[in-house]
Protein chains: 2
Amino acid sequence: MSDQAEAQGLPDRTQNPAEGKAPEGEISKNAAKKAAKAAKLAAGKAEKANKGIGKSEAKMPTSKAPKKKIEGAALIGIDVSKEEDFPSWYQQVLTKGEMLDYYDVSGCFILKPASYFVWETIQNWFNDKIKKIGVRNCSFPLFVSEDVLQREKDHIEGFAAEVAWVTHAGNTPLEKKIAIRPTSETVMYPYYSKWIRSHRDLPLRLNQWNSVVRWEFKHPQPFLRTREFLWQEGHTAHLTEEGAAEEVLQILDHYAHVYEDLLAVPVVRGKKTEKEKFAGGYYTTTVEGYIPATGRGIQGGTSHCLGQNFSKMFNITVEDPAVRGDEKKPPLYVWQNSWGLSTRTIGVMVMIHSDNKGLVLPPRVAEVQVAIVPVGVTKATTEEERQALYKEIDELTAKLTAVGVRTESDLREGYSPGWKFNDLELRGVPLRLEFGPGESKGGFVTAARRDIPGKDGKSQIELKNLTTAIPELLDTIHNDLFRRADAQFREHRKQLTQWDDFVPLLNEKNVLLIPHCLTEECEDQIKDLSARKAEENSDVPQDARAPSMGAKSLCIPFDQPEGIEAGVTKCLNPHCERFAEKWCMFGRTSHPVPIRIKI
Amino acid sequence: MSDQAEAQGLPDRTQNPAEGKAPEGEISKNAAKKAAKAAKLAAGKAEKANKGIGKSEAKMPTSKAPKKKIEGAALIGIDVSKEEDFPSWYQQVLTKGEMLDYYDVSGCFILKPASYFVWETIQNWFNDKIKKIGVRNCSFPLFVSEDVLQREKDHIEGFAAEVAWVTHAGNTPLEKKIAIRPTSETVMYPYYSKWIRSHRDLPLRLNQWNSVVRWEFKHPQPFLRTREFLWQEGHTAHLTEEGAAEEVLQILDHYAHVYEDLLAVPVVRGKKTEKEKFAGGYYTTTVEGYIPATGRGIQGGTSHCLGQNFSKMFNITVEDPAVRGDEKKPPLYVWQNSWGLSTRTIGVMVMIHSDNKGLVLPPRVAEVQVAIVPVGVTKATTEEERQALYKEIDELTAKLTAVGVRTESDLREGYSPGWKFNDLELRGVPLRLEFGPGESKGGFVTAARRDIPGKDGKSQIELKNLTTAIPELLDTIHNDLFRRADAQFREHRKQLTQWDDFVPLLNEKNVLLIPHCLTEECEDQIKDLSARKAEENSDVPQDARAPSMGAKSLCIPFDQPEGIEAGVTKCLNPHCERFAEKWCMFGRTSHPVPIRIKI
């Protein structure tokens, strides 16, 4: 299959105003005029009728510094750069790429079809995996009563400040206020107590796909920190600790594969420290990602062993199966897990792969994987010739669709190929196929990869190989996206043995693997020691100048390097007297210049 | 294929205590003892730890009259009859059949895996259909601000009293209270105004699968009237009335097929009257079902044309595509539809097909379609023989699974075949296969249909035909379920031309097709005239004695009988002077003896 190898000497029909080149395929003046007119009209309409709705977007940007405009950026394109104004770039990529829109209730966002498709793909994949190990889907209510919510003290402390309360129905005050679930442990476990009557009922494995509400007062971030978010939450009960422990890792592995195999995002698997584990649980495992543009770590998904904490609170017991006859033994408290993966996945994917031309969608989660664009239609082309070309394109689309490639013919009238190329790039379509009289005659298509800009991403594919070459090329794109992101993560994962390197390397957008004692007290110290105040370093670039949180522990990676000798190796924190237990990964996690939206 | 034809002379291993027969397969004493002990234990646990949770069930029954116990009903079975105490029967079928559990927030219910599987099956089927006509799934927020919610006055009037309001986050009062969506018209349409910029953006067709909250103060009913419910809501925008109208009917047809082809439930397609149409809409189409046990009509799903009402409120316009050059024409308001189908589907299915032994699930939505139960294992059976039999059963299960039949080997230890038969019947498994030494030697399985009790539902199926005969038999079961329900509905759909027949036929559990003027005023009169007061008819049986709502119009069926002559045929209401416009279907809709749960 011919991808990069044959990419020499191909026509560059790509318009790339960001690089200041004269576009070969101009935006048709007619289309540009229409678009401008429509935009004005729409803005006017919104103004008149919807007082502020859909306008928060316009107010949102963002850093105190003025937006860094990309020179020559097209009307429809991204007009700030990922490198210079990451938050504005992220917002533009999402909104102009038609993944998301801002909503007039702060902290809530609209998932448009392109991003919901990613979520549906994750749902289908994950459902298939969990059903194989006997997990069944179900649906528990959105609401939870106050006394049930507060049954497990440590747990509710983790959520109490963020719980949304319903107090009225119509004009009628409710007798007791009712919470909207921030997560469903306390919603579900009273019923586990009722349903689990014997060890034969174990393991009980339930999962639900729903939304939960955590009314955070920090700056909201689309997909990453939102007041309502979509997720799945699995809740299972087991007879033994071993049974629970095995499942915790099975699920974590599925989460890792969602990132790696669907989203082309590398993650590090590990365990959370005591400080960072799930409130009320026994231990938490996690997959941790990394955003190169900000140098921040990000929690990707967590699989918790709850131990017997909740089963004791909610009295979930079975008779010991080892009991014979009338022998008396105390009942056994079940072992429980809970595990969740949210639409945060989508935000991480966008932050990692997308670029200054817009979205870059990994092929396996792209609603449209391939778009075929007619090229070479000029004033000299007869209507008959044009129709014949369009028919050929539709046939190619049908062929690819038949082998399971999600393909669209882009036959929109009134737009030049260059305008369409830009638009497809903005929306992240992984592969563009150009097809014109030259291609038709030569029996090939010209393929342009979204992930490799310009000529390097171009190749010719013979029509006779189309149905095998395109799926292979899509796999190659996936693998290349993963490989590049993985290389960046590895490059920025530094293993340290000197405290003096800690803060400088942190400031250079790294996450840091250090020998650590794993105590909470020491973690707090490290956080303090690595926090950056607003007034410091006033001569460094804008992004690094912003005040930053200190480093938090991200996880204790399962994959432990050599070098820690028990009772010999010291914890890296110079103020800590303890010995190191493990290599622990630290990093900054919150984003430096949050997108501001009206609260 | 041998199903009913060969059903003669087969052993009846079915335990059917409801008919007072001595069960051939006794509940093993051991299992019964264990079950009783476990039940007691669980009840005690719930009492201790969960103060009232999961106990509302026990309090719920129901009519003022004492429960009519089924003679000799087994411990695990349904102990009231569908005919004599429908509400208690419904509750028991759902809870003992493991479809649903009651929840400690009134009006909210837990959808257990068996019922959620039905919903997932509907989701997959419907998604496939709507994606073919270009509908895309998305996700809008749960919350809506007060001023947006109240934008369309008629619309909000329909929901205002039932809106749940969030006023606090943690201990912090919100600046403005926020509503939980009762439906998403007003959530979505401000963004339609923003997104629709040109006729090229039309049709815009979005759908979401979510839950909505309507805090009704009437008695809640599982699946039928719940304060939170799962549904899909489609919201589309079109350039022309014709485009919108075409889709309204396409969707209605899909709804009808969900009922008919998945749930084996017959429905009547029609249009709602002005009085019963969707608040704020232009017209509403509907599929209407019928519950034979209560004689009540039930709305199955609605597909609304909203006309231009909402587009005018939310200013959703496009430039007239007929405009040429600089010609001036006013912008066009788009035509909109919304359409929704909820988990009510599941309640209707259960009410129609299930019987006094428990659930009857139509095969296409049953999580387990076929259960294979070992039989003929006695004290004389060696461990080796038992293992060999179990191995054969697992092989049959694998064979059926391989051809897409959802099959389970029921190898639970400590339970007799009779106990398992009861349990499988309670849970509605459409087809039970019995397999013992006799079957093994003879090269066949003994099949027992859930929908036809006793010997008539039994047949032998040769093993060599298994993988074709079972799928065929499942289709036969589906078709027979539909046929029986359809016959009942037709029998109870009476066409009237004399008002004097109206109330008597209504009291005989019919829905009534009458010549009607279609005015609201007349509908109100008919409702009054047909309402039944508590004190009337005190000598009629308990069910008919209860006070009842008057008849409402259910729909104007698309399929209109002959016999209405414009300007000649009178409206059936004797107090109405108008001429009849159409045959209109009237019926009672609310349930006579609601399930009582603590509010």
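Residues numbered from 1 in each chain as written. Chains lettered and ligands numbered in written order. Predicted model: local features only at pLDDT ≥ 70, side-chain atom pairs only at ≥ 80, totals over all residues. Heavy atoms only, no water.

Draft legend 1. Layout of the packing of aromatic side chains. All names here are of chain A. Overall, the coordinates contain 48 aromatic pairs over all chains when judged by the stated rule. Plain terms: the ring middles of Tyr189 and Phe310 are 5.6 Å apart, the flat faces sit at 80° to each other, and that makes the pair edge-to-face. Of the two residues, Tyr189 is situated in helix H7 (residues 185–195) and Phe310 in helix H9 (residues 309–313); the sequence distance between them amounts to 121 residues. Here Tyr189 matches Phe310 in class, with each residue buried. (Phe/Tyr/Trp six-rings, centres within 6.5 Å; stacked < 30°, edge-to-face > 60°. Helix = DSSP H or I, 4+ residues; strand = E, 2+ residues; numbered from the N terminus. Buried < 20%, exposed > 50% of the residue type's maximum accessible area, 1.4 Å probe, protein only.)

Draft legend 2. Fine view of the UniProt feature "domain: Aminoacyl-transfer RNA synthetases class-II family profile" (unreviewed entry) in chain A. In the UniProt entry, the feature "domain: Aminoacyl-transfer RNA synthetases class-II family profile" (unreviewed entry) is given for residues 111–362 of chain A. Counted over residues 111–362 of chain A, helix gives 31% and strand 31%. Its end C-alpha atoms are 18 Å apart. (UniProt positions renumbered as here; feature names shortened; annotations may be inferred.)

Draft legend 3. View of unusual backbone geometry. Residue and element names in this part refer to chain A. Residues Leu202 and Pro203 are joined by a peptide bond in cis, for which omega reads -10°. Within the secondary structure, Pro203 sits in the loop between H7 and strand E7 (204–213). Its identity as a non-glycine residue notwithstanding, Leu518 has a phi of 70°, on the positive side. Looking at where Leu518 falls in the secondary structure, it is placed in the loop between strand E21 (511–516) and helix H16 (520–530).

Draft legend 4. Looking closely at the pattern of salt bridges. All names here are of chain A. The final tally for this structure, using the stated rule, is 66 salt bridges over all chains. Notably, a salt bridge pairs Glu395 with Lys391, separated by 3.5 Å at the nearest N-O pair. Taken as a pair, Glu395 and Lys391 lie in helix H11 (residues 383–402) at a separation of four residues, close to a single helical turn. Notably, a salt bridge pairs Asp480 with Arg449, separated by 2.8 Å at the nearest N-O pair. Here Asp480, found in helix H14 (residues 466–491), pairs with Arg449, found in strand E18 (residues 444–449); they are 31 residues apart in sequence, far enough to count as distant. Residue classification places Asp480 among the buried residues on the basis of a relative accessible area of 10%. In this structure, a network of salt bridges that share partners links the residues Lys357, Glu425, Arg432, Glu434 and Lys458. (Salt bridge = Lys/Arg side-chain N within 4 Å of Asp/Glu carboxyl O.)

Draft legend 5. Representation of the relation of the copies chain A and chain B. Superposing chain A onto chain B takes a rotation of 180° combined with a translation of 0.0 Å along the rotation axis, leaving an RMSD of 0.0 Å. On the angle and the small slide along the axis, the relation comes out as a two-fold axis. When each C-alpha of chain A is compared by its distance to the rotation axis, Val166 of chain A comes out closest, at 2.1 Å. A share of 100% of interface residues in chain A that are also interface residues in chain B marks the association as one of identical surfaces. (Least-squares fit on C-alpha atoms with pLDDT ≥ 70 in both. Contact = heavy atoms within 4.5 Å.)

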